[in-house]
Amino acid sequence: MNSEFDFQNIVGQFRVGGALADCVRYGEGHINDTFKVTMNEGGRDVHYILQRINNRLFTDVAKLMRNIELVTDFCRKSVLARGGDPLRECLTLIRTKDGKAYCHDGANYFRMYVFIENATSYQSVREPRDFYESAVAFGSFANLLADFDASQLYEVLPNFHNTKVRYANFEAAVQKDVCGRAKEVAGEIAWVRAHGDLCGKLVDAIASGEIPLRVTHNDTKLNNVMLDNATGKALAVIDLDTVMPGSLCYDFGDSIRFGCNSAAEDEPDLSKVHFVFDLYKTYLSGYLSAVGKGITPREKELLPWGAVLMTYECGMRFLTDYLEGDTYFKVHREGHNLDRAHTQFRLVDEMLASIGEMEQAAQRA
Ligand code: ADP
Ligand code: GN1
Ligand code: MG
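The rules behind each value
- Residues numbered from 1 in each chain as written.
- Chains lettered and ligands numbered in written order.
- Predicted model: local features only at pLDDT ≥ 70, side-chain atom pairs only at ≥ 80, totals over all residues.
- Heavy atoms only, no water.
- Phe/Tyr/Trp six-rings, centres within 6.5 Å; stacked < 30°, edge-to-face > 60°.
- Buried < 20%, exposed > 50% of the residue type's maximum accessible area, 1.4 Å probe, protein only.
- Near = heavy atom within 4 Å.
- Polar contact = N/O pair within 3.5 Å; in protein donor to acceptor, adjacent residues only side chain to side chain.
- Areas by Shrake-Rupley, 256 points an atom, 1.4 Å probe, with all protein chains shown as cover.
- Helix = DSSP H or I, 4+ residues; strand = E, 2+ residues; numbered from the N terminus.
- Nonpolar A, V, L, I, M, F, W, Y, C, P; charged D, E, K, R; others polar.
- Axes fitted to C-alpha atoms, helices over the stretch in contact; angles between N-to-C directions.
- Parallel < 35°, antiparallel > 145°, perpendicular 65-115°, else oblique.
- Left-handed = near helix turned anticlockwise from the far one by under 90°.
- Contact = heavy atoms within 4.5 Å.
- Salt bridge = Lys/Arg side-chain N within 4 Å of Asp/Glu carboxyl O.

A short note on the packing of aromatic side chains
Line of reasoning, step 1. If you walk through the whole model with that rule in mind, you get 20 aromatic pairs.
Line of reasoning, step 2. Centroid distance Phe 5 to Phe 7: 5.9 Å. Interplanar angle 80°. Geometry classified as edge-to-face.
Line of reasoning, step 3. Its relative accessible area of 18% is what places Phe 5 among the buried residues.
Line of reasoning, step 4. Chaining the aromatic ring pairs together yields one cluster made of Phe 131, Phe 252, Phe 275, Phe 277, Tyr 280, Tyr 283 and Tyr 287.

Right under this line is the structure:
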């Protein structure tokens, strides 16, 4: 049993039956603290996900949770309409005893979800079929949200994928150099600056109306989708904290960034890190099969650039966090954010080397 928090008291605030039998840290998310809770209900073990919401980042928890209520309610209705099982095919919030979507223990905010059993969120692609399934899941999610009234949503993290703003934050971190690390990473800083002209590619296309702003997930990593252990099929899209206005190119691109890496996001040995072009094609076909006819020709053209931009931006965010003293992403070792930045920069180099083929594949798909 984990003892970081008073779980007896926290879990007791939610509408769950039985007695708390266990609570352990769970998953590999970089932002929230996730726990798997076991309740013993009349001799039977029932599991839940309990999350301590990162309220340093998500400063308005009430509004964040309102978004999640709206999106999960919407998904639940859609799953029911197609005859599916909402308890497995979307996230289900457990309410507190006074009917709220989260609780506050004085210092921390917690939320609870039904645990999706017999399903896995993978950290890397085991076989192409898994990746294809995740593409179908995120493509369907985009398709589903096309009918969602965006005006109801609060913009949780403004400018989340505004690469120009991310670049400005990076330059500010270099200038401040609060940890005195800038000298050591002069090569990495130069690399980011040399690629600075990439920053406007999607932001400008949105600003000029070339591509539409839609409601998107904005964190479409492979480990944010659950695949059914029995069938291998995509079940549910999870981690809904960043559902906000965005671009299809962001969502497509972030999946490519994470899933088409031959190694882990934080692999220290760069000789293992490559952009796997065949997986890019696999994702492309799954995504386009599910996203529907709503995707515009210009969005389709820019999908490969979504991959380059999301990878560049993420690498820049890891480097920025390294310069700022590792305050944003959870780190588990010395230089962890720097290792992560390196893998992203390597992937960008390889993507740019095959950008022509990536564009052709998107056109043919
Ligand atoms: P973070 O924002 O920190 O990435 P996530 O919401 O993605 O947090 O949760 C972290 C991990 O916990 C996921 O990758 C997944 O393995 C697991 N998880 C989250 N929600 C559920 C759920 N409802 N059922 C089963 N596992 C879950
Ligand atoms: C974070 O929460 P998690 O681990 O799914 C981050 C993403 C990054 C990702 C890099 C809210 O995602 O933007 O792309 O790490 N989420 C937030 O792995 O900043
Ligand atoms: Mg996650």
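Brief notes about the site of ligand 2
Line of reasoning, step 1. Around ligand 2 lies a shell of 16 residues, among which Asp 219, Lys 221, Glu 265, Arg 317 and Tyr 328 are the nearest.
Line of reasoning, step 2. Contact distances for ligand 2 include 3.2 Å between an oxygen atom and a side-chain N or O atom of Asn 224.
Line of reasoning, step 3. If ligand 2 stood free it would expose 440 Å²; the protein chains cover 97% of that surface.
Line of reasoning, step 4. Take the shell around ligand 2: its biggest share by element is three residues, from helix H10 (residues 297-323).
Line of reasoning, step 5. Of the residues belonging to the shell around ligand 2, the class tally is six nonpolar, four polar and six charged.

A word on the packing of H10 against helix H11 (residues 336-353)
Line of reasoning, step 1. Between H10 and H11, the least distance of the axes is 8 Å, while the angle of their chain directions is 155°. Judged by the angle between their axes, H10 and H11 are roughly antiparallel. In terms of crossing hand, the pair formed by H10 and H11 is left-handed. Contacts between H10 and H11 involve Trp 305, Ala 307, Val 308, Thr 311, Tyr 312, Cys 314, Gly 315, Met 316, Phe 318, Leu 319, Asp 321 and Tyr 322 from the former and Asn 337, Leu 338, Arg 340, Ala 341, Gln 344, Phe 345, Leu 347, Val 348, Met 351 and Leu 352 from the latter.
Line of reasoning, step 2. Among the residues making up the contact of H10 with H11, the classes are represented as 16 nonpolar, four polar and two charged.

A few points about the pattern of salt bridges
Line of reasoning, step 1. Evaluation of the coordinates by the stated rule reveals 22 salt bridges.
Line of reasoning, step 2. Measuring nitrogen to oxygen at the nearest pair gives 2.8 Å for the salt bridge that ties Arg 52 to Asp 33. On the criterion of sequence distance, the pair formed by Arg 52 in strand E3 (residues 44-53) and Asp 33 in strand E2 (residues 33-41) is long-range, its members being 19 residues apart.
Line of reasoning, step 3. According to the relative accessible area criterion, Asp 33 is buried, its value standing at 8%.
Line of reasoning, step 4. Across the pair Asp 60 and Lys 63 runs a salt bridge whose closest N-O atoms are separated by 3.6 Å.
Line of reasoning, step 5. When its relative accessible area of 25% is taken as the criterion, Asp 60 is described as partly exposed.
Line of reasoning, step 6. For Lys 63, a relative accessible area of 42% corresponds to the partly exposed category.
Line of reasoning, step 7. Salt bridges here are not isolated pairs; linked through shared partners, they connect Glu 4, Arg 25, Asp 33, Arg 52 and Lys 330.

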